[in-house]
Amino acid sequence: MSTDGTDESSWELDPEDESGAVIAAVGRQLKMWREASGLDRAKFGERMGYGANLIYKIERGARIPRPEFLDKADEVLGAGGKVAAMKEDIQRARYPKKVRDLAKLESEAVELGAYASIVAHGLLQTEEYARALYALRRPAYPEDEIERLVAARLARQRILGHPAAPLLTVVQEEAVLRRPVGGKMVLRRQLEHLLEVGSLRHVEIQVMPTAVEDHAGLAGSLQLMRLRDGTTVGHNEGQLVSRLITEPKEVQILDMRYGMIRAQALTPRESLKFVEKVLGET
């Protein structure tokens with residue numbers, strides 16, 4: 001833990017995130033319970049095992065407390081579960097806004113289609129692979145931010161286990177299967193995970209071989225989401241931009257390109273055999 005105690009017990013809050021009102025309310029409630037117990041920030045922090053500076057930031061809504069922090073606070077303050085109950089309020093707010101927005105759309109989709117050209121698609125990544133990706137970002141992320149982002153990515157994947165899980169189709173570039181992100185063992189586990197997920201009845205994974213001459217996806221990765229209300233939206237994430245695409249003409253272009261990409265790639269059956277082959281070579 002750092003000197004101000006901020007890297008293991010809380011996440012930084014995006015100042016432009018509208019969930020700040022929820023976090024501020026949690027902070028006020030925590031402060032009221034602390035004061036009612038007759039503890040100043042220093043004494044409370046000492047009993048919690050964190051610095052007074054962190055307590056101050058959480059109480060004023062500048063930091064998002066982790067679930068384990070609220071569990072410990074409930075115990076220290078003798079709140080009988082009332083402080084710990086606020087974990088539900090922060091569960092969604094602890095993830096970055098753009099991730100929450102994307103996860104919400106994915107949860108409302110009946111079909112998800114994606115072409116991933118650089119790395120394994122987020123819904124298919126193992127925890128180790130996702131952590132390795134975030135650790136490679138430059139400028140470098142602090143450790144607590146990496147953990148926050150990894151947790152958000154894994155939370156998105158829960159939709160695949162829902163009874164009403166959407167149909168997921170993903171086209172991955174062959175190069176993604178061979179790039180040793182995080183090292184050989186992380187890559188091996190990622191390939192094994194692709195085989196596991198690809199065997200699910202509502203998931204179809206396809207591979208785009210490097211040797212393919214005709215390729216409709218050279219403009220980059222894309223994602224399409226067909227929602228329950230019948231509309232389709234696109235999503236594109238670049239170097240510094242995460243963009244939702246709702247303009248019908250633009251969505252139509254993405255839909256057309258994705259259809260061509262799927263037609264040019266190996267079939268799902270051929271693709272799983274290809275992944276098995278690469279796994280054997282890794």
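Just so it is clear, the structure is predicted and the values come from calculations on it, not from any experiment.

Draft legend 1. Summary view of the pattern of salt bridges. Per the stated rule, a full pass over the model turns up 19 salt bridges. Between Lys87 and Asp71 there is a salt bridge, with its nearest N and O atoms 3.0 Å apart. With Lys87 in helix 5 (residues 87–90) and Asp71 in helix 4 (residues 67–77), this residue pair connects regions lying 16 residues apart in the sequence. Its relative accessible area of 27% is what places Lys87 among the partly exposed residues. The class for Asp71 is partly exposed, based on a relative accessible area of 35%. Between Glu127 and Arg131 there is a salt bridge, with its nearest N and O atoms 3.0 Å apart. Residue Glu127 and its partner Arg131 are located together in helix 7 (residues 127–135), separated by four residues, close to a single helical turn.

Draft legend 2. Geometry of helix 12 (residues 268–281). Here helix 12 contains 14 residues, and its C-alpha end-to-end distance of 20 Å stays within 8% of the 20 Å for a straight helix at 1.5 Å per residue. Ser271, Phe274, Val275, Val278 and Leu279 are the residues of helix 12 that are buried. Down the axis, helix 12 shows its buried residues gathered within 140° of arc, on one side only. Among the exposed residues of helix 12, those pointing more than 90 degrees away from its buried face are Arg269, Lys273 and Gly280. In this structure, the buried residues of helix 12 make contact with helix 9 (174–178), helix 10 (184–198) and strand 5 (203–208).

Draft legend 3. Quick peek at helix 2 (residues 41–48). Among all positions in helix 2, only Phe44, Gly45 and Met48 are buried. In a view along the axis of helix 2, the buried residues occupy a sector of 100°, so they form one face of it. One side-chain oxygen at the N-terminal end of helix 2 lies 3.3 Å from the backbone nitrogen of Ala42; it belongs to Asp40. The positive-phi residue at the C-terminal boundary of helix 2 is Gly49, with phi of around 90°.

Draft legend 4. Inspection of a nonpolar patch on the surface at higher detail. Taken together, the side chains of Ile253, Met256 and Met260 make up a nonpolar region of the molecular surface, amounting to roughly 270 Å² of accessible area. Turning to its location among the elements, Ile253 is positioned in helix 11 (residues 248–264). Ile253 sits in the partly exposed class, given a relative accessible area of 39%.

Draft legend 5. The packing of aromatic side chains, seen in detail. What the rule picks out here adds up to two aromatic pairs. Residues Tyr50 and Phe69 carry aromatic rings whose centres are separated by 5.8 Å and whose planes lie at 40° to one another, so their mutual orientation is tilted. Residue Tyr50 is located in the loop between helix 2 and helix 3 (52–59), and its partner Phe69 is located in helix 4; the two are separated by 19 residues in the primary sequence. Its relative accessible area of 1% is what places Phe69 among the buried residues. Judged by centre distance (6.3 Å) and plane angle (55°), the ring pair of Tyr134 and Tyr141 falls under tilted.

Rules of the game
Residues numbered from 1 in each chain as written. Predicted model: local features only at pLDDT ≥ 70, side-chain atom pairs only at ≥ 80, totals over all residues. Heavy atoms only, no water. Salt bridge = Lys/Arg side-chain N within 4 Å of Asp/Glu carboxyl O. Helix = DSSP H or I, 4+ residues; strand = E, 2+ residues; numbered from the N terminus. Buried < 20%, exposed > 50% of the residue type's maximum accessible area, 1.4 Å probe, protein only. Expected span 1.5 Å × (residues − 1). Arc of directions from axis to C-beta. Contact = heavy atoms within 4.5 Å. Polar contact = N/O pair within 3.5 Å; in protein donor to acceptor, adjacent residues only side chain to side chain. Patch = residues over 30% accessible without salt bridge, like charges linked within 9 Å, V, L, I, M, F, W, Y side chains within 5 Å. Areas by Shrake-Rupley, 256 points an atom, 1.4 Å probe, with all protein chains shown as cover. Phe/Tyr/Trp six-rings, centres within 6.5 Å; stacked < 30°, edge-to-face > 60°.

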